[in-house]
Amino acid sequence: MGNEKGKRTGRPIGAVLTLLIALACVLTVLMIIESRRPAEIEIPETPDVTHFVVVCTLSADAGSTRSMSWAPDSARIATGEGDGLIVVWNARTGERELTFHGEPGYRIEDVIWSPDGKRVAAKTGQNEFKVFDPESGDIEWTVVDPEVYALAGWSEDGKSVKTWNGEEYFSLWNVEAKTMGNRWFVSIGEQSRRLSPDGKLAAWQVGDNTWTVHTLYGDEFEEWELRGHSGRIRAVSWSPDSLRLAGATDQGVAVWNARTGELELEGAAGDFANVSWSPDGRHILAYTDEDLGVILDAKRVHPVAEISVDGRRWWAAPAAWSPDGSLLAAISPDGDVAIIGQTTH
């Protein structure tokens with residue numbers, strides 16, 4: 001009886017040992033096969049490098065380009081010329097889509113596309129502006145008023161044009177109602193304010209070399225100074241997320257934390273007159289009073305391209321990013337407009 005019991009218990013143990021040996025053989029074969037496979041090559045990621053190239057050139061007819069404005073969809077751009085012409089261009093091909101005639105010989109120094117893309121307003125004569133359809137060229141409204149010195153923008157709904165009288169009064173003209181809707185006072189100091197994109201803060205100059213940021217809403221007014229930079233601040237521009245400010249100084253370009261005023265970065269040595277942050281937040285344009293423009297990588301404030309831009313044009317910005325940030329329009333010293341695009345490698 002005892003021997004039979006031993007035999008019965010030994011059989012399962014032998015079967016288990018046989019199974020384990022078989023599994024070990026299979027694992028050994030798999031390891032040999034795996035070892036013979038070619039090793040995968042790990043390719044390190046290389047950062048994309050953005051290059052700026054001229055996509056097309058918009059050549060003025062007789063008078064040089066005096067002003068420009070992008071369509072909201074970044075597909076077209078309107079320019080005002082020194083011979084009374086306003087031209088609507090295809091920004092990708094450089095082809096003319098529409099030519100609108102203002103007062104002959106009058107320098108069109110203000111042209112502004114409405115935020116809904118349906119209208120263009122242009123100052124077409126002394127104390128005069130016109131609103132026209134950029135598709136057909138039909139004039140929708142002509143306003144002549146002694147308070148119209150310059151155009152200052154559109155209302156957010158695209159229905160009213162804002163004008164400036166050259167001093168401390170602004171007016172709002174309702175295009176659909178064909179009437180002036182409002183006129184209000186804004187001090188010269190307040191006119192220097194640069195509002196943040198989120199509408200919560202404003203930056204302004206309060207001294208020869210002092211710029212501050214202050215709150216616009218809240219129970220208590222708070223204000224702090226931009227500090228730590230080199231040189232004199234000449235102009236500032238907000239980042240699209242309202243978190244930072246870029247500044248053009250007479251010694252380079254500075255970037256501050258907008259919430260604290262502390263300097264974060266400085267670079268691109270030079271005497272810059274103005275600065276503009278791209279709508280996509282990736283680049284900063286700075287330009288001098290002469291013919292030099294520098295495009296900077298916003299993360300490092302490092303120059304990535306140089307362009308020709310006529311920085312002596314005090315009456316209107318000589319360069320403007322498209323709303324989507326993919327293109328840059330720059331008026332050159334000869335009065336033509338270069339449309340500059342980006343390629344990434």
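Per-chain numbering applies: the sequence of each chain, read as written, is numbered from 1 onward. In keeping with the model being predicted, local features are shown solely for residues with a pLDDT of at least 70 and side-chain atom pairs are shown and tallied solely at 80 or more, while totals for entire chains, interfaces and linings include all residues. Excluded from the side-chain calculation are hydrogens and water; included are all heavy atoms of the structure.

Draft legend 1. View of the overall build of the protein. Numbering goes from the N terminus for both helices and strands, where a helix is a DSSP run of H or I of at least four residues and a strand is a run of E of at least two. Scanning the protein for helices and strands turns up two helices and 28 strands. Relative accessibility under 20% of the residue-type maximum defines a buried residue, over 50% an exposed one, and the middle range a partly exposed one, all with a 1.4 Å probe and only protein chains included. For the protein, the residues scored as buried account for 43% of the 345 residues in total. Between two residues, a contact is recorded if the distance between any of their heavy atoms is within 4.5 Å. Within the protein, contacts between residues at least 6 apart in sequence are counted, and of these 39% link residues at least 24 apart. Approximately 18600 Å² of the protein is accessible, and the part contributed by carbon and sulfur atoms is 52%. The protein chains shown are the only cover counted for residues, whose accessible areas, like all others here, come from Shrake-Rupley with a 1.4 Å probe.

Draft legend 2. Expanded view of the packing of aromatic side chains. Any two rings among Phe, Tyr and Trp, with Trp reduced to its six-membered ring, count as a pair given centres within 6.5 Å; such a pair is stacked if its planes are under 30 degrees apart, edge-to-face if over 60, and tilted if neither. The final tally for this structure, using the stated rule, is seven aromatic pairs. Taken together, a centroid distance of 4.2 Å and an interplanar angle of 5 degrees make the contact between F100 and F132 stacked. With F100 in strand β5 (residues 96-101) and F132 in strand β8 (residues 128-132), the pair connects residues that are 32 residues apart, well separated along the chain. Residue F132 is classed as buried on the basis of its relative accessible area of 1%. A ring pair is formed by F129 and W173, whose centres lie 6.2 Å apart and whose planes are at 70 degrees; its orientation type is edge-to-face. Highlighted residues: F129 in strand β8 and W173 in strand β12 (residues 169-174), separated in sequence by 44 residues. Accessibility expressed as a relative area gives 0% for F129, which makes it buried. The class for W173 is buried, based on a relative accessible area of 6%.

Draft legend 3. Quick peek at unusual backbone geometry. Within the chain, A268 stands out as a residue other than glycine whose phi angle is a positive 55 degrees. By the element assignment, A268 lies in the loop between β21 (263-267) and β22 (274-277). Backbone geometry places V301, a non-glycine residue, at a positive phi of 55 degrees. Along the chain, V301 falls in the loop between β24 (292-297) and β25 (302-308).

Draft legend 4. Representation of the side chain of N90 within the structure. Inspection of the secondary structure assignment puts N90 in strand β4 (residues 85-90). Filtering out sequence-adjacent residues up to four positions away, N90 remains in contact with A75, R76, E95 and E97.

Draft legend 5. Spatial organisation of the confidence of the model for the protein. Values of pLDDT, ranging from 0 to 100, describe the predictor's confidence in every residue of the model. Per-residue confidence for the protein gives a mean pLDDT of 87, with 84% of residues at or over 70. Ranking the elements of the protein by mean pLDDT puts helix α1 (residues 2-36) last with 51 and strand β11 (residues 160-164) first with 98. Low pLDDT (under 50) marks residues 1-10, which in the prediction has zero contacts with non-local residues, meaning those over four places away or in another chain. Under a pLDDT of 50 for its full length, residues 32-46 has, in the predicted model, zero contacts with residues more than four places off or in other chains.

Draft legend 6. Here's a closer look at the pairing of strand β28 (residues 337-344). Pairs of strands are assigned from DSSP output, requiring at least two bridges between the strands. Bridge count between strand β1 (residues 50-58) and β28: eight bridges; the pairing is antiparallel. By the bridge assignment, H51 is partnered in β28 with T343. Pairing analysis gives four bridges linking strand β27 (residues 328-331) to β28, with the strands arranged antiparallel. Of the residues in β28, the one forming a bridge with I331 is V337. Joining the antiparallel neighbours β27 and β28 is a turn of five residues, in which G335 adopts a positive phi near 95 degrees.

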